[in-house]
Amino acid sequence: MKLIASLCELRNLARSTSRASFVLGVLFFAVLLGCVPTVGGWDVDALHLELPALGNGTPNRIGDLTPYPALVGDALALVVCRFEEAKVVRVQVEGDDWPGEWSHRALEAMAFDGVRLELASAGDANSVENGPLIRVQSIAGPDASGPVGLGDTLAECDVSSTIAQDARASSPSRVTGVLRDVTIRLRRRLRQQTGKIFEASEAEWGAAFLHELAHGLGFAGHVATGESVVQREQSGLRWIGRNVVEGRRIPTPNLDALYLIPNGYVVGEANIDASAAELLKAVIHLVAERTERVGPPVGPRAIAGDREARLAWRWPGGLAIALRFPDWSGELKRKESITVEPSPATRLLLEHRRRDENL
Ligand SMILES: [Zn+2]
């Protein structure tokens, strides 16, 4: 482990030298030994400097996290989102496509204590007013519409502005950054491309459940390397399933690190070109106008999926203003300008406004 860490340090040193062969040699050994660059597309070294408690060099892969989008002033900020700590988060399983004890055993196996996870039945806890909640919807039958694989997660984050100062952070946390609405869709049976029905074992189901649960706790994206509940490879998730079934605790270094970062922590700013900046300004204006006319919206709320991200302001009666970032995680990773698109309804509102201004 020490050898790997020292080679990672060498790689950093190599960046500042002009000796190409030395750089290539060190990079070769670094990759060989698992020193894989982070894929989140933001400056993880700066975060480690600001929050030494994260433990630079530990295998938490926090730099692989896909941050949520938020507007800070007229900049497109990259923020961390999760539940508030020291909270009980109820996990409410709806449907009965798998034995009840599977959910119990899987939850018991996860050695995560950033928040306390408690199973709640649909009957006794069906309201978000009772506190933070993760809904797990069981998708019945292999052909019912739902996730492409065994599961998917929609985790909505409150990215409204706040003036609160976080004492642990060197910079003020200007975004709420608290998860509000989290829904996991899980199935046990799946129709494969061959037409055959695949029925997940407890181990396979448990691995899928804990993987989605980690997304639902705020870890968007996947880690590029290492044994983790948020790795993408199905084969790599098998060890999770084995641990669930054999009653062993599963370490969660990625989630532990996430819950050391204050809610709404701004880890960077997305690159946007002039036309995207123009669009953001127009939308900010639209939101302000509507707020003046009909009152404050719910939100903005953000989601960060496998590929795209969204930002939405919603008013009672179904009115919404929304932005879409169709290649959010990819463009961040490649350090490209972020593509920004209004939702179809928002595009119409913007066109109306432009026409009114020209009259
Ligand atoms: Zn995933």
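The structure we're discussing is the one just above.
Thresholds, definitions, all that
- Residues numbered from 1 in each chain as written.
- Predicted model: local features only at pLDDT ≥ 70, side-chain atom pairs only at ≥ 80, totals over all residues.
- Axes fitted to C-alpha atoms, helices over the stretch in contact; angles between N-to-C directions.
- Helix = DSSP H or I, 4+ residues; strand = E, 2+ residues; numbered from the N terminus.
- Parallel < 35°, antiparallel > 145°, perpendicular 65-115°, else oblique.
- Contact = placed C-beta atoms within 7 Å.
- Nonpolar A, V, L, I, M, F, W, Y, C, P; charged D, E, K, R; others polar.
- Buried ≥ 20, exposed ≤ 12 C-beta atoms within 10 Å, placed from the backbone.
- Pairing = 2+ DSSP bridges.

Draft legend 1. Focus on the packing of helix α8 (residues 274-294) against helix α10 (residues 344-358). Relative orientation of the contacting elements α8 and α10 amounts to 85°, with a least axis distance of 11 Å. Here α10 runs roughly perpendicular to α8, going by the angle between their axes. Of the residues in α10, those in contact with A282, V283 and L286 of α8 are T346, L349, L350 and R353. Class assignment of the residues belonging to the contact of α8 with α10 gives a composition of 5 nonpolar, 1 polar and 1 charged.

Draft legend 2. View of unusual backbone geometry. Residue P300 follows G299 across a cis peptide bond; omega there is 10°. By secondary structure assignment, the location of P300 is in strand β13 (residues 298-304). Of note in this structure, R61 is not a glycine but carries a positive phi near 50°. On the secondary structure map, R61 appears in the loop between α3 (44-50) and β1 (68-72). In this structure, K335 is a non-glycine residue whose phi angle is positive, near 55°. Position of K335 among the secondary structure elements: in the loop between α9 (328-333) and β16 (341-342).

Draft legend 3. Representation of the pairing of β1 in the model. Counting buried residues in β1 gives 4 out of 5 residues, a clear majority hidden from the surface. Pairing of β1 with strand β2 (residues 75-79) involves 5 bridges; the strand directions are antiparallel. Residue V72 lies in a different strand from β2, and its bridge partner there is A75. In sequence, β1 turns back onto β2 through a hairpin of 2 residues, with G73 there showing a positive phi of about 65°.

Draft legend 4. Spotlight on the sheet that holds β2. Pairing in this open sheet of 3 strands is antiparallel, and the strands run β1-β2-β12 from one edge to the other. With partners counted over all chains shown, the strands left at the sheet margins are β1 and β12 (266-269), one partner each. Between one strand axis and the next, the sheet turns by 40° as a mean value, whatever way the strands run.

Draft legend 5. Structural context of the environment of G41. The topology assignment puts G41 in the loop between α2 (20-32) and α3. Residue G41 is classed as buried on the basis of its 26 C-beta neighbours within 10 Å. For the pair G41 and R334, spaced 293 residues apart in sequence, the C-alpha separation works out to 6.8 Å. Once residues lying within four places of it in the same chain are set aside, the contact partners of G41 are L332, K333 and K335.

Draft legend 6. Representation of the environment of T162 within the structure. Within the fold, T162 resides in the loop between β7 (151-158) and β8 (178-187). For T162, a count of 17 C-beta atoms within 10 Å corresponds to the partly exposed category. Taking C-alpha positions, T162 is 9.4 Å from G177, a pair spaced 15 residues apart along the chain.

Draft legend 7. Representation of the sheet that holds strand β3 (residues 88-94) in the model. Taken together, the 9 strands give an open sheet; going across it, the order is β5-β3-β6-β8-β7-β13-β14-β15-β16, and neighbouring strands pair in mixed fashion. The open sheet has two edge strands with one neighbour each: β5 (116-121) and β16. Pairing geometry for β3 and strand β6 (residues 133-139), over 5 bridges, is parallel. Within the sheet, the bridge partner assigned to R90 lies in β6 and is L133.

Treat this as a map of the structure, not an account of what it does.
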